[in-house]
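Fold and contact review
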Amino acid sequence: MSETQWNLEGQESKESPVEIPDVLPLLPIRDIVIYPYMMLPLFVGREMSIRAVEESLSRQRLIFLVAQKNSAEDSPKPDDIYRVGTVASIMRMLKLADGRVKILVQGLAKGEIESYLRDQPFFEAKIRKVVEPALHEVSIEIEALMRNVKEKIEQILNLKNLPPEIVMVTDNISDAGVLADLVASNLRLRIEESQAILEIFDPVARLKKVNDLLSRELELSTVQARIQNQAKEEMSKSQRDYFLREQLKQIQQELGEGDERAEEIKDLKKQIEKAKMPLEAKREAEKQLKRLEQMHPESSEASLVRTYLDWLVDIPWSKKTKDNLNIKKAQLVLDEDHYDLAKIKERILEYLAVNKLRRKIKGPILCFVGPPGVGKTSLGKSIARALGRNFVRISLGGIRDEAEIRGHRRTYVGALPGRIIQGIKQGGSNNPVFMLDEIDKVGTDFRGDPSAALLEVLDPEQNHAFSDHYLNLSFDLSNVLFICTANLLDPVPPALADRMEVIQLSGYTNEEKLEIARKFLIPRQLEDNGISASLLEISDDAVLRIIAQYTKEAGLRNLEREIASICRKLARKVAEGKKDLTRVTRANLHLFLGPPKFLPEAEQEQHEIGVATGLAWTSAGGEVLYVEASLSKGRGNLTLTGQLGDVMKESAQAAVSYARSQAKKLGIEEDFYQKLDVHIHVPAGAIPKDGPSAGITMATALISALTRRPVSRDTAMTGEITLRGRVLPVGGLKEKCLAAFHAGIKTIIVPDRNENDLEEIPKQLRRKLTLVLAKNMSDVLKAALLDKNSKRPSVGAETSAAKAAKRRRPKGKEKPLDKVGREKVIPLRA
């Protein structure tokens, strides 16, 4: 109420002492409603309004003030103005420099527009003075209502800290209508609500309406005051905590206990110096330390900077383990942990030898590719032990986020470095043996491709400056010996595979498995199950039978499980009191492991027409694959079943084309394809199969069915066929020969261009197999097909040819054949 004032003289007589004419100039006002006895200044700026003021001054200084319905309207029409207003007297007028007029008005009485007499150059209206009904006596109800209103006014004033003069004014008012007008003018009401109060002519009804509005305003003011108090309390609490901490610091300094924050900063400085970081990393650490000193210790940013500094000082920038350069000792360690694996051991010893001579070389990046269970992961630990280095292993299986490798940027909540930097920190040195397990199981999605991030990690030309998103600094990975493992090389992107030195690990022969079981598996299981070596003896024949009839794998995991099962059964007996030696032999093996799980296939029991034995390669090792061909009367249709892939279907079509082109030479009716339908089926139809290496097998089965000559059940074959009958080389020869040997097949037909690959087959296995080198399909048919009345294939010529080929082999350095890519074969698992 700094601007608004009230003149309450003469309020007892509701009649105004000034005689009010019926016709008055009309002044539309915006954003306010004028009540009787209300005195306030108005600024008049519109030309029409100024004319109305001038006309009022030329008469009795009376003017009719009415609120506009829309305050934004500059040129209101009669419909834009309310009907009820206040007759006011212009007390003073002042012309301003900008052309506006400032007037001081006082409300006299309410009035209602009856009609507009003119609207140009100003509004002039005929009005009717509103006479409110007089209260002859103040009833108890009205008195109580007035007291209630006055009390609420006092409460609101206390909440809003308004001057106490308003309370003094209300205490002197005894008229209900005047009290209602006074309170309504001081409440922050909308124009519609103020006008509605003005239009209520009954004083009691108007006071009740104002009382309701006061209740709402009081409730709003109470809630607002509570919110302000809460905010003030929180601010006061934080200020109080700050002052207490400062006082605590001063007390600690007086007692000589020192400042914890200063101690922390000092400790971080020592750690930064001790870490021996590169110059760039040290500058960044010192910069972040200065930022930390200037921050409030309880701020969220301070905790982020502290975490970042902890990572910087914990990373082994300059810590390095000393390599074991004693090559003989390293070889001894490798031989203690793993049997055979000559290629890998030779490569590690070569690295040691070069490191011994040159002292500073980049760490090699190796990739061990082989079936499950052949010892790829455990080989990494053995290499670390042989070199005297720390060992770190991370599994990449199922990783789909690129940030897992490179880390998250520090802008993210909970950001951390990637798995590479975490592994380096875990290893505690900058030259560990770092194993990236299951690199072929890395996935990709909308968050990025982890394989692409690994391109920098596994590139010797780039990884000396590997940048992690979290650290945002270069870290030298060139001293790290990276070892990757994979079951298949096909899923690995070519750019990534090209950066690695791939070493293939094949499956073990039965003799190798026997040796590994005797040296490693049986002693380990005896120790794990708490059994003394004097209580259990497993014969070699029993182990060989476990390998042949209880497991079917390239690796050793199932073999170790079966040995563990024997040890557990014995452990129970020992726990029950048995103390004498238990011998496990071939005869009593079924008492420990039950009946055999894998038996020879039925097709091996006899020579059959139209059934040929092929060999396939899978991620778990080699597999024996039977191909069946049958003929029926028809029109030359070719049916292929067994869920064959596109490459395998094309091999079958090539086999049929070869049979048609060589029909006369093979003794087949030349028009057989017009009279017969050919059906080629590969059993285990639920398992997808693909690859070209079954080409000669399909051709042999088809020609056997056409010539009615049985195929030898003791002969297996692998090779790709062309339309001219040439036999092309294939991959995975060692695994395929192992599979044939395990199945009891001793004669294997292989492409002659795979002759050099025969060196990969262990010598003891080669001595037990008859390997027939085939240059074309005629060589395959001579070795595989039996005469109609004979029970043996005529392989003598081929065997001698193979021997002659061996004699022709030069003793010096051979020119290696072109590297043959391994065909893709989907694993043959039930």
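The text that follows walks through the structure, step by step, so that each part is easy to find. (Residues numbered from 1 in each chain as written. Predicted model: local features only at pLDDT ≥ 70, side-chain atom pairs only at ≥ 80, totals over all residues. Heavy atoms only, no water.)

Some points on the pattern of salt bridges
Enumeration according to the criterion identifies 43 salt bridges in this entry. The closest approach of N and O atoms between E501 and R347, which form a salt bridge, is 2.7 Å. Note that E501 is positioned in strand β14 (residues 501-504) and R347 in helix α11 (residues 342-358), a separation of 154 residues in sequence. A relative accessible area of 19% places R347 in the buried class. What emerges from the salt-bridge pattern is a single network uniting E55, R59, R118 and E124. (Salt bridge = Lys/Arg side-chain N within 4 Å of Asp/Glu carboxyl O. Helix = DSSP H or I, 4+ residues; strand = E, 2+ residues; numbered from the N terminus. Buried < 20%, exposed > 50% of the residue type's maximum accessible area, 1.4 Å probe, protein only.)

Observations regarding the pairing of strand β25 (residues 770-774)
In terms of burial, β25 is largely enclosed, as four of its five residues are buried. Across five bridges, strand β24 (residues 747-751) lies against β25 in parallel orientation. When the sheet's bridge partners are listed, T747 is paired in β25 with T770. The handedness of the β24 to β25 crossover, carried by helix α26 (residues 763-768), is right-handed. (Pairing = 2+ DSSP bridges. Right-handed = clockwise from strand over helix to strand, strands pointing away.)

Section: the packing of aromatic side chains
Across all of its chains, the model carries five aromatic pairs by this definition. Ring geometry for F434 and F482: centres 5.5 Å apart, planes at 40°, overall tilted. Within this pair, whereas F434 is found in strand β10 (residues 433-437), its partner F482 is found in strand β13 (residues 481-486), the two being separated by 48 residues in sequence. Pair check on accessibility: F434 and F482 agree, each one buried. Its end group placed over the ring of W311, K425 keeps NZ or CZ at 4.0 Å from the ring centre. (Phe/Tyr/Trp six-rings, centres within 6.5 Å; stacked < 30°, edge-to-face > 60°. Lys NZ or Arg CZ within 6 Å of the ring centre and 35° of its normal.)

Quick word on the sheet that holds β10
Strand order across the open sheet formed by five strands is β9-β10-β13-β8-β14, with parallel pairing between neighbours. Single-partner strands in this sheet number two, and they are β9 (391-395) and β14. Going from strand to strand, the sheet's axes swing by 20° on average, the running direction of each strand aside. Of the pairings in the sheet, the one linking strand β8 (residues 365-369) to β13 comprises five bridges and is parallel in character. Within β13, the residue paired with L366 across the bridge is I483. The strands touched by α11 are β8 and β14; relative to β14, the strand with the most contacts, the crossing angle is about 145°. The sheet strands contacting helix α14 (residues 419-427) are β9 and β10, and the helix crosses β9 at an angle near 150°. (Axes fitted to C-alpha atoms, helices over the stretch in contact; angles between N-to-C directions. Contact = heavy atoms within 4.5 Å.)

Quick notes on the pairing of β13
For β13, a buried count of six out of six residues is recorded, marking the element as mostly surrounded by other parts of the structure. Side chains L481, I483 and T485 of β13 all project onto a buried face; the interleaved residues F482, C484 and A486 project onto the opposite face, where all are buried too.

A look at the nonpolar core
Among the nonpolar cores identified, the biggest contains 66 residues, and L65 and I103 are the most heavily contacted of them. Setting aside anything within four residues of it in sequence, one finds L65 in contact with L27, I29, I34, L42, G85, T86, A88 and V105. (Core = buried A, V, L, I, M, F, W, Y, C linked by side-chain atoms within 4.5 Å.)

Things to note about α14
Of all the residues in α14, the buried ones are I420, I421, G423, I424 and G427. Summarising the axial view, the buried residues of α14 lie within an arc of 160°, below the 170-degree limit, and thus occupy one face. Summarising the contacts, the buried residues of α14 are in contact with β9, α13 (403-406), β10, α15 (450-457), β11 (466-467) and β12 (474-475). Trailing α14 by a residue or two, G428 shows a phi angle of about 80°, which is positive. (Arc of directions from axis to C-beta.)

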